[in-house]
Amino acid sequence: MSKIAETREFIPISIAVLTVSDTRTMVDDKSGDTLVARIAEAGHRLGARAIVPDDKERIAGQVREWTLDPEIDVVITTGGTGFTGRDVTPEALAPLFDKKMDGFSEVFHRISYDKIGTSTIQSRATGGVANATFIFVLPGSPGACKDAWDGILKAQLDYRHMPCNFIEIMPRLDEHLRRGSGK
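All chains use their own residue numbering, which begins from 1 and follows the written sequence. The model is predicted, so local features are restricted to residues of pLDDT at least 70 and side-chain atom pairs to those at 80 or more, both for listing and for counting; the totals for chains, interfaces and linings are taken over all residues. Side-chain numbers here rest on the full set of heavy atoms in the structure, without hydrogens or water.

Quick look at the sheet that holds strand β2 (residues 14-20)
The pairing of strands in a sheet comes from backbone hydrogen bonds and takes either a parallel or an antiparallel form.
Logical step 1: Note: two strands are recorded as paired if DSSP finds a minimum of 2 bridges between them. To qualify as a helix, a DSSP run of H or I must reach at least 4 residues; to qualify as a strand, a run of E must reach at least 2; elements of each kind are numbered from the N terminus. Strands sit in the order β3-β2-β4-β7-β6-β5 across an open sheet of 6 strands; the sheet is mixed. Of all the strands in the sheet, the pair left with one neighbour each is β3 (45-52) and β5 (99-100).
Logical step 2: As judged from the 5 bridges shared by strand β4 (residues 74-78) and strand β7 (residues 133-138), these two strands associate in the parallel manner. Its bridge partner being in β7, Val-75 is matched across the sheet by Ile-135.

In structure tokens form, the structure reads like this:
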């Protein structure tokens, strides 16, 4: 199974947090606060933080801006993954993905199932890569943010995590662009 390779040095990265909500503010954004605290506790940097309403163009615009910023390595969104009419985060971000990360959703639901049972199917958590930046789309509850960070992201965003992790492949996320289109 997985382990931490003590011979490897921790590599801090810059993570942006986007809360998608029509009602939350920085004062009462518990899910965003949960992610910010865990990012700091892990030794990473908060690269940016914002709240945008449940609007596809605003969500996509903010995330696209961050994926084009060379100082941002990862974007985590929280909110807008349900099935109501205002829940549009997956639809907003899917067109941005160069690659979709199906396994993120599967593992998230496995972890979530142990906590909330079949209610996990009401989340459309997802992940992907856009512009050589990892994007993770989480539900809006603090519990879901804890589950995703503690159960997946903390380990995968740690270069010391073995047998593999996201940090070690970051330099290769845009290799197809550096070598040409391959056509």
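A word on the packing of aromatic side chains
Logical step 1: Only rings of Phe, Tyr and Trp enter the pairing, Trp through its six-membered ring, and a pair is recorded when the two centres are within 6.5 Å. The plane angle decides the type: under 30 degrees is stacked, over 60 is edge-to-face, the rest tilted. Evaluation of the coordinates by the stated rule reveals 5 aromatic pairs.
Logical step 2: Ring geometry for Phe-134 versus Phe-136: centroids 6.2 Å apart, planes at 15°, classification stacked.
Logical step 3: Seen in terms of ring centroids, Phe-134 and Phe-166 are 4.5 Å apart; in terms of plane orientation they differ by 35°. Their pairing is tilted. Of the two residues, Phe-134 is situated in strand β7 and Phe-166 in helix α6 (residues 166-169); the sequence distance between them amounts to 32 residues. The residues Phe-134 and Phe-166 share a single accessibility class, namely buried.
Logical step 4: Grouping aromatic residues by their ring pairs yields a cluster made of Phe-104, Phe-108, Phe-134, Phe-136 and Phe-166.
Logical step 5: Criterion for a charge above a ring: Arg CZ or Lys NZ at most 6 Å from the ring centre, at most 35 degrees from the ring normal. One Lys or Arg, Arg-8, reaches over the ring of Tyr-159 and ends 4.2 Å from the middle of that ring.
Logical step 6: In this structure, Arg-124 is placed above the aromatic ring of Phe-83, and the distance from its NZ or CZ to the ring centre is 5.7 Å. Here the term buried applies to any residue with accessible area under 20% of the maximum for its type, exposed to any over 50%, and partly exposed to those in between, with areas from a 1.4 Å probe on protein chains only.

Description of the pairing of β4
Logical step 1: Counted residue by residue, β4 has 5 buried out of 5 residues, so it is predominantly covered.
Logical step 2: Side chains of β4 alternate between two faces, with Val-74, Ile-76 and Thr-78 and Val-75 and Thr-77 buried alike.
Logical step 3: By the bridge criterion, 5 bridges tie β2 to β4 in an arrangement that is parallel. Note that in β4 the partner of Thr-19 across the bridge is Thr-78.

A short note on the pattern of salt bridges
Logical step 1: Only one rule defines a salt bridge in this text: a Lys or Arg side-chain nitrogen within 4 Å of an Asp or Glu carboxyl oxygen. Taken as a whole and assessed by the stated rule, the structure comprises 12 salt bridges.
Logical step 2: Residue Arg-8 pairs with Glu-168 through a salt bridge whose shortest N-O separation is 3.1 Å. In this pair, Arg-8 is assigned in the loop between β1 (3-4) and β2 and Glu-168 in helix α6, connecting sequence segments 160 residues apart.
Logical step 3: Residue class for Arg-8 comes out partly exposed when judged on its relative accessible area of 22%.
Logical step 4: Between Arg-172 and Glu-175 there is a salt bridge, and its shortest N-O distance comes to 3.3 Å.
Logical step 5: Among the ionic contacts, a cluster of salt bridges with common partners joins Arg-24, Asp-29, Asp-33 and Arg-49.

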